[in-house]
Every structure is written in structure tokens, then in C-alpha cells.
Amino acid sequence: MPRHTMIEAIRDAMDVSMGRDERVIVYGEDVGFFGGVFRATQGLQAKYGKSRCFDAPISESGIVGSAIGMAAYGLKPCVEVQFADYVYPAYDQIVSEAARLRYRSNGDFTCPIVVRMPTGGGIFGGQTHSQSPEALFTHVSGLKVIVPSNPHDAKGLLIAAIEDPDPVIFLEPKRLYNGPFDGHHDKPVTPWSKHELGEVADGHYTIPLGKAAIRRQGSAVTVLAYGTMVYVAQAAAEETGIDAEVIDLRTLLPLDLEAIVASVKKTGRCVVVHEATLTSGFGAELAALVQENCFYHLEAPVARVAGWDTPYPHAQEWDYFPGPARVGRALIETMEA
């Protein structure tokens with residue numbers, strides 16, 4: 001089976017979808033001729049033409065707003081916002097229009113759009129190129145929210161998202177584009193070409209939305225993570241020697257609550273890890289769900305490890321980024337509680 005980077009897998013997903021369904025169109029800032037700032041759409045315009053893969057004006061509200069109109073008339077737009085940090089001008093269109101269209105039309109209209117966005121830090125992008133805004137979307141009824149952690153999942157989840165009849169927010173951890181990152185910035189990254197999750201099948205396949213994956217089996221404590229933090233959690237478990245079970249959520253909305261509950265009831269402990277700001281982050285929802293569903297099985301309070309409540313710093317990026325040391329301390333404290 002061929003191995004690809006996450007960028008190549010995402011490009012392949014759009015290529016497969018465009019080849020199967022002429023209603024699928026791809027556009028965004030620098031997406032057409034240039035192939036995207038991370039080259040995720042490279043070659044698609046040459047293959048499918050300027051009417052199906054094209055550049056849009058630098059207007060996020062215009063990109064998403066036009067996609068909603070196209071979707072209402074039968075197209076399936078897969079649009080790119082160049083960085084997740086740039087999505088805020090389009091937030092009203094996503095929340096007030098895309099997410100509500102099926103409900104407000106009593107099912108007469110749906111909004112089959114995908115909004116792709118590179119997310120997260122670890123690339124010295126500073127405060128306006130490193131944000132993780134997933135919690136802003138998981139709060140909105142009518143949306144689906146996906147955060148893949150590897151090329152195999154990225155392709156299958158993106159194809160499933162494009163084929164979904166409702167709007168999907170597809171957040172791509174940019175620190176994982178070229179290889180898994182365990183939080184040790186001073187060590188070389190293993191390329192996806194040498195990692196088993198870099199294996200990406202040719203052609204069409206999907207991964208069901210709302211299904212988590214167990215990345216590391218364990219019996220002492222459950223770690224809930226997604227995106228880059230999956231690898232940080234695995235590194236922390238190995239370095240501390242704690243028998244942690246690491247669950248890769250993959251889809252935040254809908255959430256695989258069944259898998260979470262089964263794991264926490266087995267281990268009796270839970271640590272939640274995400275890169276986004278701590279206060280009101282998605283980890284708070286996860287902690288509440290674990291407490292509600294597993295209260296009588298918990299042997300210790302649910303712990304959270306996250307970004308600090310401050311804009312993402314450039315000079316102190318690795319003090320902000322939740323690394324193996326911080327996650328490891330949380331694991332040890334949870335085991336000792």
C-alpha cells in the first residue's frame with residue numbers, strides 16, 4: 001500500500017471526490033493556480049479546470065457565503081480557509097446560515113459544504129497562525145467537526161465529509177502535515193513514509209464520522225486526545241511508563257461517547273489533552289461527559305492539559321504547546337490521586 005503525507009492524502013481525497021461527482025468543487029484563497037499555501041490542492045485546477053478548482057478573493061465570509069448558496073442549489077463545495085485563524089469573518093455565515101439551513105427550511109434545503117482549515121501551532125506561526133478554534137464549532141447545532149491525526153484517517157474522513165449532506169468543519173493539524181509530532185521539537189520528525197499510519201489506500205474509501213480509534217491500549221488511565229495531541233499523549237505514556245489507553249477522537253461532533261465511556265469505566269481515570277486554550281475548550285465538555293457517565297467508576301478527578309489562557313506566543317511557543325512533560329505530570333498526578 002502506498003504511503004503519503006497528510007497533505008497528499010487530503011489532496012487525494014479531493015481528487016477522488018471530484019472524479020466521482022462533478023458537483024464537487026474546490027476553491028479558496030490561492031487554492032487554484034498556486035495549489036494552496038500548503039499545496040493541498042496542487043494539480044487539481046490543471047486536472048479539472050478553472051470552473052471546478054479556482055482562486056477566491058481574500059474574503060472568508062464571501063468564500064463560505066457563496067459556498068452555502070452553491071450548496072443550496074445542488075453543488076458540493078469543499079472550500080479552504082487558508083488558516084483556521086482567518087475563519088472569524090466567516091463565522092456568522094457558518095453559524096447563522098450553513099448550520100441552520102436544514103432546520104430553518106424544514107428539510108427542504110441542506111448545506112453539503114466542507115470548510116477545510118489548517119489548525120494548531122508548532123510551526124512558529126505566532127498568535128494569528130496557530131489557533132485551535134474547534135470549540136467554537138462544537139458549540140453549534142447543525143455542524144460536524146473533524147480533526148484527523150494521520151494521512152489514512154484524513155483521506156477517509158474528508159471523503160466522508162464531502163459526501164455528507166450537512167456542513168462539516170474539517171480541521172487539519174498543520175504540524176502533522178509531513179509527519180507525526182510527539183512534542184519533542186528538538187528531535188527529528190519521523191516522516192509519514194516510515195509510519196504505518198502513512199499507508200493510504202488508492203481510490204475511494206470512507207471512515208464513518210463519529211467513530212473514535214484506540215491508538216494505545218492500556219488499563220491504568222484513559223487519555224482523550226485528537227490531532228497532534230494524540231502523539232504527545234502516546235509519548236507521555238511511554239516516557240512515564242504508565243499503562244495509559246490513548247483514544248484518538250477523530251470526530252468531535254458527533255462524538256463517540258460509547259468508546260469514551262467504555263474506556264473510562266475500564267481504567268477508572270481520565271486525562272483530557274488538547275492544544276487549544278484551557279478555559280471553555282472542548283476538553284471541558286469531555287470532562288463533563290466523563291463525569292456524568294462514569295461518576296461511580298472514577299478513582300480520581302478528570303484532569304485537563306491544554307494551552308494557556310493567553311494568545312499563542314511566538315518566542316515561547318514550546319512553553320505554550322502541551323508537550324510530553326506536562327501531559328506526563330498530569331498522568332502521574334492522576335495515578336497518585
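Where an unreviewed UniProt entry is consulted, the protein appears under the name 3-methyl-2-oxobutanoate dehydrogenase (2-methylpropanoyl-transferring), with the organism given as Mesorhizobium argentiipisi. The record in UniProt for the protein states the following under Cofactor (unreviewed entry): "thiamine diphosphate".

(A) View of the overall build of the protein. A count of helical and extended segments in the protein gives twelve helices and twelve strands. Against the globule reference of 20 Å for 337 residues, the protein gives a C-alpha radius of gyration of 19 Å, in line with a compact fold. Once the C-alpha set of the protein is aligned to its principal axes, its extents read approximately 60 × 45 × 40 Å. When the 337 residues of the protein are sorted by exposure, 58% land in the buried category. As displayed, the protein has an accessible area near 13,800 Å², and 52% of this comes from carbon and sulfur atoms. The distance from the centre of the 29 positive side-chain charges to the centre of the 41 negative ones in the protein is 3 Å.

(B) Spatial organisation of the UniProt feature "domain: Transketolase-like pyrimidine-binding" (unreviewed entry) in the protein. According to UniProt, the "domain: Transketolase-like pyrimidine-binding" (unreviewed entry) feature falls on residues 4-179. As annotated, residues 4-179 comprises 36% helix and 16% strand, and the C-alpha atoms at either end are separated by 10 Å.

(C) Focus on the packing of aromatic side chains. Across all of its chains, the model carries 13 aromatic pairs by this definition. A ring pair is formed by Phe124 and Trp318, whose centres lie 5.8 Å apart and whose planes are at 90°; its orientation type is edge-to-face. In this pair, Phe124 is assigned in the loop between β4 (114-119) and α6 (134-138) and Trp318 in helix α11 (residues 317-320), connecting sequence segments 194 residues apart. Using a relative accessible area of 43% as the deciding quantity, one classes Phe124 as partly exposed. What links up through ring pairs into an aromatic cluster is the set Phe38, Phe83, Tyr86 and Tyr177. One cation-aromatic arrangement involves Arg39 over Phe34; the distance from NZ or CZ to the ring centre is 4.0 Å. Here the guanidinium or amino end of Arg175 rests over the ring plane of Phe181, the centre of that ring lying 3.7 Å away.

(D) Geometry of helix α8 (residues 229-240). Over its twelve residues, α8 runs 16 Å from end to end, which matches the ideal 16 Å to within 8%, given 1.5 Å per residue. Buried residues of α8: Met229, Val230, Tyr231, Val232, Ala233, Ala235, Ala236 and Ala237, and no others. Packed against the buried residues of α8 are β7 (213-216), β8 (221-225), β9 (244-248), β11 (270-277) and α12 (324-336). Two residues or fewer after α8 comes Gly241, characterised by a positive phi angle close to 75°.

(E) Spotlight on empty space enclosed by the protein. What the rule picks out here adds up to one cavity of 30 Å³ or more. Quantified by volume, the largest cavity comes out at close to 110 Å³. As for the largest cavity, its lining consists of Thr119, Gly120, Ser132, Glu134, Val147, Pro173, Tyr226, Gly227, Thr228, Met229, His274 and Glu275. Taken together, the residues that form the lining of the largest cavity break down as four nonpolar, six polar and two charged.

(F) Molecular detail of the sheet that holds strand β3 (residues 76-80). An order of β2-β1-β3-β4-β6-β5-β10 is seen for the seven strands of this open sheet, with the pairing classed as mixed. At either margin of the open sheet sits one strand with a lone partner, and together these are β2 (53-55) and β10 (251-253). Strand-to-strand twist across the sheet, computed as the mean angle between neighbouring axes with direction ignored, equals 20°. By the bridge criterion, three bridges tie strand β5 (residues 144-146) to strand β6 (residues 168-173) in an arrangement that is parallel. When the bridges of β6 are listed, Ile146 appears paired with Phe170. Contacts from helix α1 (residues 6-20) reach β1 (24-28), β2, β3, β4 and β6, with the element oriented near 140° to β1.

(G) Region of interest: the sheet that holds strand β12 (residues 303-307). The strand order across the open sheet built from five strands is β7-β9-β8-β11-β12, with neighbouring strands paired in mixed fashion. Edge positions in the open sheet fall to β7 and β12, since each of these has one partner strand only. This sheet shows a mean twist of 25° between the axes of neighbouring strands, independent of strand direction. Note: β7 against β9, three bridges, orientation antiparallel. Bridge pairing in β9 places Ala213 opposite Asp248.

(H) Quick peek at the side chain of Arg326. Looking at the element boundaries, Arg326 is found in helix α12. One buried charged side chain, Arg326, makes no salt bridge at all; its nearest oppositely charged neighbour is Asp319, positioned 8.0 Å away. Among all residues touching Arg326, those that are not within four sequence positions of it are Val305, Ala306, Gly307, Trp308, Asp319, Tyr320 and Phe321.

(I) Fine view of the layout of surface pockets. Estimates place the volume of the largest pocket at around 330 Å³. As for the largest pocket, its lining consists of 20 residues, of which Gln131, Ser132, Pro133, Ala276 and Thr277 are closest to the centre. Within the lining of the largest pocket, the residues separate by chemical class into nine nonpolar, nine polar and two charged.

Conventions we followed
- Residues numbered from 1 in each chain as written.
- Predicted model: local features only at pLDDT ≥ 70, side-chain atom pairs only at ≥ 80, totals over all residues.
- Heavy atoms only, no water.
- UniProt positions renumbered as here; feature names shortened; annotations may be inferred.
- Helix = DSSP H or I, 4+ residues; strand = E, 2+ residues; numbered from the N terminus.
- Rg over C-alpha atoms; globule rule 2.2 N^0.38 Å.
- Buried < 20%, exposed > 50% of the residue type's maximum accessible area, 1.4 Å probe, protein only.
- Areas by Shrake-Rupley, 256 points an atom, 1.4 Å probe, with all protein chains shown as cover.
- Lys, Arg positive; Asp, Glu negative; His and termini not counted.
- Charge placed at Lys NZ, Arg CZ, Asp CG, Glu CD.
- Phe/Tyr/Trp six-rings, centres within 6.5 Å; stacked < 30°, edge-to-face > 60°.
- Lys NZ or Arg CZ within 6 Å of the ring centre and 35° of its normal.
- Expected span 1.5 Å × (residues − 1).
- Contact = heavy atoms within 4.5 Å.
- 1 Å grid on protein atoms, 1.4 Å probe; cavity = no way out; pocket = protein on both sides within 12 Å on 5 of 7 lines; lining within 4 Å.
- Points joined across faces, edges and corners; volume = space filled by probe spheres on them.
- Nonpolar A, V, L, I, M, F, W, Y, C, P; charged D, E, K, R; others polar.
- Pairing = 2+ DSSP bridges.
- Axes fitted to C-alpha atoms, helices over the stretch in contact; angles between N-to-C directions.
- Salt bridge = Lys/Arg side-chain N within 4 Å of Asp/Glu carboxyl O.

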